[in-house]
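Residue-level structure breakdown
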Protein chains: 2
Amino acid sequence: MSGKLYGIGVGPGDPELLTLKAHRILTASPVIAYPAPDFGQGKGGESFARSIVAAHISPDQEEIPIFIPMRTERFPAREIYDRAATEIGGHLDAGRDVCVLCEGDPFFYGSFMYLFERLADSHPVEIVPGVSSLMASAAALGRPIAARNDRLTVLPAPLDDEALLAAISGSDAIAIMKVGRHLKRVRALIEKAGLLPAAGYLERIGLANQRVLPLIDLEDVAAPYFSMILIYKGAEDWIAQRPLTQGDAA
Amino acid sequence: MSGKLYGIGVGPGDPELLTLKAHRILTASPVIAYPAPDFGQGKGGESFARSIVAAHISPDQEEIPIFIPMRTERFPAREIYDRAATEIGGHLDAGRDVCVLCEGDPFFYGSFMYLFERLADSHPVEIVPGVSSLMASAAALGRPIAARNDRLTVLPAPLDDEALLAAISGSDAIAIMKVGRHLKRVRALIEKAGLLPAAGYLERIGLANQRVLPLIDLEDVAAPYFSMILIYKGAEDWIAQRPLTQGDAA
């Protein structure tokens, strides 16, 4: 009998935002897989997803890091995920459950989809939803991201200018994900739309080095991958009163 | 010293989707508040938020149900939340922490905002983000709600036709919340946009009586309040292959 593939959301960073269900499945799985950065020349980095749940992993569990190159724009994703799916599929075929750790939620802009699309037709899969960085960012800013009849749009920063501007103008609240190296361009677009005073900037939410501040006060020209901009139309005065917080994890 | 007001997300329905943090705060709080339905003539119903975490509530904790009238379109929200905020504020002023239970996430279309806006200026508040029905619905449908550079828009069904159609046409993935009595109109709009075959319908996700099916197969003319439609543009074939599941909680 095949083992089961679990895609579990481990939340946005605060280890306490793990769900009871993810905790149960994680501790019961003989095999754990997770993405980890590959800095080239044999240098692997720490997995962010694994670091969130490190306290719950036992030495008896087999671990499969899936190394993702960080240095190149277009990495050989196909081969990397093919290889990982083959290794994971081997465990499943041998009857062992495999738990894949996913930052935030597995089905909300996650890389779990690459394993899912390779294994879901041939093996039983269960998705355990997790707390998303979207909700954690609203909590950190201290303001509902959407209320009553608000239209909320989530936009990945790599989208082109036209798509970003159109979506920003047609919504009441906007979350821009994966800001990273797109910070300067995205900030200019928000300014063009007249919404710079309505935007909050968030970085590494829930971690010891988190940052939350009005976007207008941010002087950086690039942001880390785990950064987000939330735009609250009509809340300019409120955003202006946000105190800058740095290293002040919830 | 003032007690602290906690707004904790208890997740979309499955009791196991509570976070470790929400569990810790819930069990440590001397006072717990939550919305509950008021059916009129003195008939109060069970609180959905409370039912999710009922196993963790002890008889030593004081409970404050906030009864919300179900029968009228425009209920006296102001007075109800004023009264609840006064009662909760009394506990906080007396130094007792108060934990407010919020279905899903407190800041994602939740009623917690009405207490938050009344108490946040005068008392310390902490928001504990939760798993949203948006993520639980994608998990139940078995397909990422958003991937790569998808634009995802979340729309409350009470919005007018023009706003709904414009937002639907400008996005790659669309979640329509609070479908309820708007089902017939929303379904007609989705059909008008040519997207009926790309839409999945979900009801009471994570509960024993959950339902998941292609919207095109749904024969109901009204939906419960806790229902959602997810539209996956370009995934018509995939939606068509979804088996109808009823009473099949994850």
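Residues numbered from 1 in each chain as written. Chains lettered and ligands numbered in written order. Predicted model: local features only at pLDDT ≥ 70, side-chain atom pairs only at ≥ 80, totals over all residues. Heavy atoms only, no water.

Looking now at the domain arrangement of chain A. All names here are of chain A. In terms of domains, chain A is made up of domain 1 (5-128) and domain 2 (133-246). The C-alpha-based centres of domain 1 and domain 2 are spaced at 28 Å. Facing the 8 residues of domain 1 at the interface are 12 residues of domain 2. Where domain 1 abuts domain 2, roughly 840 Å² becomes buried across the two surfaces, and 71% of that area is made up of carbon and sulfur atoms. Three residues, Pro12, Phe108 and Tyr109, lead the burial of domain 1 against domain 2; their summed loss comes to 57% of the area buried on that side. (Domains from an automatic or database assignment. Contact = heavy atoms within 4.5 Å. Buried area = accessible area lost by both parts, 1.4 Å probe.)

Let us now look at the packing of helix H3 (residues 77-93) of chain A against helix H4 (residues 112-119) of chain A. Residue and element names in this part refer to chain A. Between H3 and H4, the least distance of the axes is 9 Å, while the angle of their chain directions is 60°. Put simply, H3 runs oblique to H4. For H3 against H4, the interelement crossing comes out right-handed. Across the interface between the two elements, Ala77, Arg78, Tyr81, Asp82, Ala84, Ala85, Ile88 and Gly89 from H3 touch Tyr114, Leu115, Arg118 and Leu119 from H4. When grouped by side-chain class, the residues that make up the contact of H3 with H4 number 8 nonpolar, 1 polar and 3 charged. (Axes fitted to C-alpha atoms, helices over the stretch in contact; angles between N-to-C directions. Helix = DSSP H or I, 4+ residues; strand = E, 2+ residues; numbered from the N terminus. Parallel < 35°, antiparallel > 145°, perpendicular 65-115°, else oblique. Left-handed = near helix turned anticlockwise from the far one by under 90°. Nonpolar A, V, L, I, M, F, W, Y, C, P; charged D, E, K, R; others polar.)

You can overlay chain A on chain B at an RMSD of 0.0 Å; the transform is a turn of 180° with a shift of 0.0 Å along its axis. Accordingly, the operation relating the two chain copies is best matched by a two-fold axis. Both copies share a contact surface, since 100% of the interface residues of chain A are interface residues in chain B too. (Least-squares fit on C-alpha atoms with pLDDT ≥ 70 in both.)

Attention now goes to the packing of helix H6 (residues 161-169) of chain B against helix H7 (residues 183-192) of chain B. Residue and element names in this part refer to chain B. It is the contact of H6 with H7, at a shortest axis distance of 10 Å, that shows an interaxial angle of 45°. Looking at the two axes, H6 sits oblique to H7. Of the two possible hands of crossing, H6 and H7 adopt the one that is right-handed. Between H6, through Asp161, Leu164, Leu165 and Ile168, and H7, the contact on the second element is made entirely by Arg185, Val186, Leu189, Ile190 and Lys192.

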